[in-house]
Amino acid sequence: MTLDFSVILDNWQLFASGLWMTLVVALLSIAAGFLLAIPVAIMALSHRRWLRTIAGAYVEWFRNIPFIVVLYIFFYGLPFMGLRLPEPVVGGIALAFYASTYFSEVIRGAVLAVPKGQLEAARAVGMSYFMGMREVVAPQTLRLLLPPSTNTAISMIKETSVLSTITVAEITYQGLVVQGATFAPFEVFLTTAALYWLITSAFAHGMHRVERAAGAAQGSQQARHSLADKYLQLGMRRNK
Amino acid sequence: MTRPLLKVSNLAKSFGTMTALRDISFEVEAGEVVCIIGPSGCGKSTLLRCINYLTFPDGGFVEVDGTHIGREPGRDGKMRMQSHKRIDQLRPMMGFVFQQFNLWPHMTVLENIARGPVKVQRRPREEVEHQARALLARFGLAGKEDAYPSALSGGQKQRVAIARALAMEPRLMLFDEPTSALDPEIVKEVLLFLRELADSGMTMVIVTHEIGFARHVADRVIFLDGGLVAEQGPARQVLGDPQNPRLREFLAQIHEVAAPADLSTPSH
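Numbering of residues begins from 1 in every chain and follows the order in which that chain's sequence is written. Chains carry letters and ligands carry numbers; both start at the beginning, A for chains and 1 for ligands, and go up in the order they are written. In view of the model being predicted, local features appear only for residues whose pLDDT reaches at least 70, and side-chain atom pairs are presented and counted only at 80 or more, with totals across whole chains, interfaces and linings using the full set of residues. The side-chain numbers reported here are obtained from all heavy atoms of the structure, hydrogens and water having been left aside.

## With respect to the overall build of chain B
Starting at the N terminus, helices and strands are each numbered in turn, a helix being any DSSP run of H or I of at least four residues and a strand any DSSP run of E of at least two. Within chain B one finds nine helices and 12 strands. Relative to the 2.2 N^0.38 estimate, which gives 18 Å for 268 residues, the radius of gyration of chain B is 19 Å and therefore close to what a compact globule would have. Principal axes of the C-alpha set define a box for chain B whose edges measure 60 × 55 × 40 Å. For every residue, the accessible area obtained with a 1.4 Å probe (protein chains only) is divided by the maximum for its type, and the residue is called buried under 20%, exposed over 50%, and partly exposed between those limits. Residues counted as buried form 57% of the 268 residues belonging to chain B. Whether two residues are in contact is decided by their heavy atoms, any of which lying within 4.5 Å being enough. Intrachain contacts of chain B at a sequence separation of at least 6 include 64% that bridge at least 24 residues. Calculation of accessible area relied on Shrake-Rupley with a 1.4 Å probe; when residues are assessed, cover is drawn exclusively from the protein chains displayed. Accessible surface, chain B: about 11900 Å² in total, of which carbon and sulfur atoms supply 50%. Only C-alpha atoms enter the radius of gyration, while the globule expectation follows 2.2 Å times N to the 0.38, with N the number of residues.

This is how it looks when you write it as structure tokens:
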């Protein structure tokens, strides 16, 4: 048996467009998922029980069902409610909600890891809960957030492959198309695997460098501070 | 008739079935230094945290210079709880210095001091930084403006924490165990520093278990036991001639332990 990779070269445009679709959907749904996770985490950390209950139910609901089922619920449920959206959008929304539950747990853990006295000191000088969270707690969670967020984001990049089932033309879907036309599944899926590997390992490598920069900043706190500022720009409204 | 700067009346706080504060009432005059002493677990720290509503008391009143914080009697005589926003506004009337200082590690010393006034009081940054630099200079910390808290010694951290509280221009200062997180050698330094702060006219309420410390810094001492004020009076009287049997016992026990910190004997 011999591998014939010419079928890949003949169909490179399909793979390229699949790669592009995966990148766009993954990036947007991870970013949206993280933003959505912030209010969920705030609710989960609230001292009001009903807010904690809502956040807990939300997280439990999404975390205890497979993503493919979540996807089908959105895919068939949204038109049922009269909302017709393009498949990549529906897939992206479903993934954003799914990711938000994991990210919210990551954020909650990072906030809890900041000593309680930090927020208390903010309250003592008259800051409200939210101002104290923003000024004092949030910047300190950055270093704690990075490693678990990277893990979650990589899982979510891989979950985008499930969108192929609702005909989103991402890497796996294009792979299936090429496989159907060429009957060369081994070549096709090795290529698909290589493309996923390329994305996730590049992402992991990039995040690792950010982590190192944040870690090194423990010695020279200045760098960590500017990183914290970056995080604030990304994650929440910057007040200045 | 002058009214007290701080008036605490019938303060009560329970955690579940554990009663930390039963019924605490006392007053502090402007310029006074009051030490609150008592066995561990008697509710000293809880009391301090209830005074500035870091912990909400279950009952009772706190007044600073005639202004209620937290619970206040309405015009109809009924109690009413202030909004959280109002409590947040009033809280910095009392500067709070934490046992572990709780400096913000991601900010410079200057920023630790300036962030509160800039964000909470919305004062111009330039003016606030000028004031912060002056405080640091006064506390012997000139040149440390751009350092991060991790680079400071324990005593320096404490002074930054005090400066951070003072920058909000409080009416009085609350100290939670100011000596317990520091090396024994610098307890005297802290004592002199607090004495100096007191001499500048600052009203202070200090929770401590160091009797030697209380003896030297306090005008008045309050002994807390079982969630109640068991004895209070001038420091010399309370510590020198205790009436309450529990206080006697407490002082006898602590005397041996605290002997090295007793600053009246210069060599030990």
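What follows picks up the thread again.
## Considerations on the packing of aromatic side chains
All names here are of chain A. Each Phe, Tyr or Trp ring (for Trp, its six-membered ring) is paired with any other whose centre lies within 6.5 Å, and the angle between the two planes then decides the class: stacked below 30 degrees, edge-to-face above 60, tilted in between. Going through the model one piece at a time under the given rule, you end up with 14 aromatic pairs over all chains. Geometrically, the ring pair formed by phenylalanine 75 and tyrosine 76 is edge-to-face, given 5.1 Å between the ring centres and 70° between the ring planes. The partly exposed category is assigned to phenylalanine 75, whose relative accessible area is 23%. With a centroid separation of 5.3 Å and 85° between ring planes, the pair formed by tyrosine 129 and phenylalanine 130 is classed as edge-to-face. The exposure class of phenylalanine 130 is exposed, given its relative accessible area of 53%.

## A few points about the interface of chain A and chain B
In this assembly, 21 residues from chain A lie in contact with 22 residues from chain B. Carbon and sulfur atoms supply 55% of the area buried between chain A and chain B, which totals about 2100 Å² over both sides. Just to be clear on terms, a salt bridge is a Lys or Arg side-chain nitrogen sitting within 4 Å of an Asp or Glu carboxyl oxygen. The tally of links from chain A across to chain B stands at four salt bridges. Between arginine 123 of chain A and aspartate 88 of chain B there is a salt bridge, and its shortest N-O distance comes to 2.9 Å. Pairs of N or O atoms are called polar contacts if they sit within 3.5 Å, as long as, within protein, a hydrogen donor faces a hydrogen acceptor (for residues adjacent in sequence, only side-chain-to-side-chain pairs). Applying the counting rule to chain A against chain B returns eight residue pairs in polar contact (both at pLDDT 80 or more). If you list the elements that add at least two residues to the side of chain A that touches chain B, you get α6 (116-124), α7 (129-159) and α10 (221-235) of chain A. Sort the elements by how many residues they give to the side of chain A that touches chain B and α6 of chain A lands first, with seven residues. When two components associate, each loses some accessible surface as probed by a 1.4 Å sphere; the sum of these losses over both components is called the buried area.

## Some thoughts on helix α5 (residues 154-166) of chain B
Over its 13 residues, α5 of chain B extends 18 Å from the first C-alpha to the last, a length consistent with the 18 Å expected when each residue adds 1.5 Å. Judged by how many residues are buried, α5 of chain B sits mostly within the fold: 11 of 13 residues are covered. Where α5 of chain B is buried, its residues meet α6 of chain A together with β8 (94-97), α3 (109-120), α4 (125-138), β9 (172-176) and α6 (187-199) of chain B. One less than the number of residues in a helix, times 1.5 Å, gives the span that helix is expected to have.

## Describing the packing of helix α2 (residues 12-45) of chain A against α7 of chain A
All names here are of chain A. Only the stretch in contact is used when fitting a helix axis, every axis being a line fitted to C-alpha atoms; angles between N-to-C directions are given from 0 to 180 degrees. Where α2 contacts α7, the axes come no closer than 11 Å and their chain directions differ by 135°. Between α2 and α7, the angle is such that the two are oblique. With respect to the hand of their crossing, α2 and α7 are arranged in right-handed fashion. Within the contact between the two elements, α2 uses Ala26, Ile30, Phe34, Ile42 and Leu45 and α7 uses Tyr129, Phe130, Met133, Leu145, Ser149, Ala153, Met156 and Ile157. All amino acids are sorted into three groups, where Ala, Val, Leu, Ile, Met, Phe, Trp, Tyr, Cys and Pro are nonpolar, Asp, Glu, Lys and Arg are charged, and the leftover types, Gly among them, are polar. Here the residues of the contact of α2 with α7 sort into 12 nonpolar, one polar and no charged. Roughly parallel covers angles under 35 degrees, roughly antiparallel covers those over 145, roughly perpendicular covers 65 to 115, and oblique covers all other angles. For any pair of crossing helices, the crossing counts as left-handed if the nearer helix is rotated counterclockwise from the farther one by less than a right angle, and right-handed if it is rotated clockwise.

## Looking at helix α5 (residues 87-113) of chain A
The end-to-end C-alpha distance of α5 of chain A is 39 Å, a good match for the 39 Å that 27 residues give at a rise of 1.5 Å each. Each residue is assigned a bend, namely the angle between axes fitted to the seven residues that terminate at it and the seven residues that start at it. At serine 100 of chain A, α5 of chain A shows its largest bend, some 25°.

## A closer look at the nonpolar core
Joining through side-chain atoms within 4.5 Å is the link that ties buried Ala, Val, Leu, Ile, Met, Phe, Trp, Tyr and Cys residues into a set, and such a set is a nonpolar core. Grouped together as the largest cluster of nonpolar side chains are 51 residues, with contacts concentrated most on Phe67, Val70, Leu71, Phe74, Phe103 and Ile107 of chain A. Counting residues per element, the ones that place at least two in this core are α1 (6-10), α2, α3 (49-63), α4 (67-80), α5, α7, α8 (171-182) and α9 (185-216) of chain A. For valine 70 of chain A, the residues in contact, after removing those within four places along its chain, are Phe62, Ile65, Ala94 and Tyr98 of chain A. One finds Ala132, Ala161, Ala167 and Val238 of chain B within the second-largest nonpolar core, a separate group that totals 50 residues.

## A look at the pattern of salt bridges
Side chains that differ in charge, positive against negative, can pair when their charged atoms come close. Inspection of every chain in the model, using the stated rule, returns 23 salt bridges over all chains. In this structure, glutamate 60 of chain A engages arginine 63 of chain A in a salt bridge whose closest nitrogen and oxygen atoms are separated by 3.2 Å. With glutamate 60 of chain A and arginine 63 of chain A both in helix α3 and three residues apart, the pair spans about one turn of that helix. Exposure remark for arginine 63 of chain A: the relative accessible area of 33% places this residue in the partly exposed category. Note that arginine 220 of chain B and glutamate 32 of chain B form a salt bridge whose closest N and O atoms lie 2.6 Å from each other. Separated by 188 residues along the polypeptide, arginine 220 of chain B in strand β11 (residues 220-225) and glutamate 32 of chain B in the loop between β2 (18-28) and β3 (33-37) bring together distant segments of the chain. Note on glutamate 32 of chain B: relative accessible area 14%, which makes it buried. Members of the salt-bridge network, linked through shared partners, are Arg134 and Glu135 of chain A together with Glu111, Arg115, Lys119, Arg125, Glu129 and Arg133 of chain B.

## Section: the pairing of strand β4 (residues 59-64) of chain B
Residue and element names in this part refer to chain B. β4 sits mainly inside the fold: six of its six residues count as buried. Across the two faces of β4 the burial is the same, with Gly59, Phe61 and Glu63 and Gly60, Val62 and Val64 all buried. Between any two strands, at least two bridges found by DSSP are needed for them to pair. The pairing of strand β1 (residues 6-15) with β4 spans five bridges and is antiparallel. Along β4, the bridge assignment pairs serine 9 with phenylalanine 61. By the bridge criterion, three bridges tie β4 to strand β5 (residues 67-69) in an arrangement that is antiparallel. In the strand pairing of β5, glutamate 63 is matched with histidine 68. Between β4 and β5, which pair antiparallel and follow one another directly, the connecting turn spans two residues, one of which, aspartate 65, has a positive phi of 50°.

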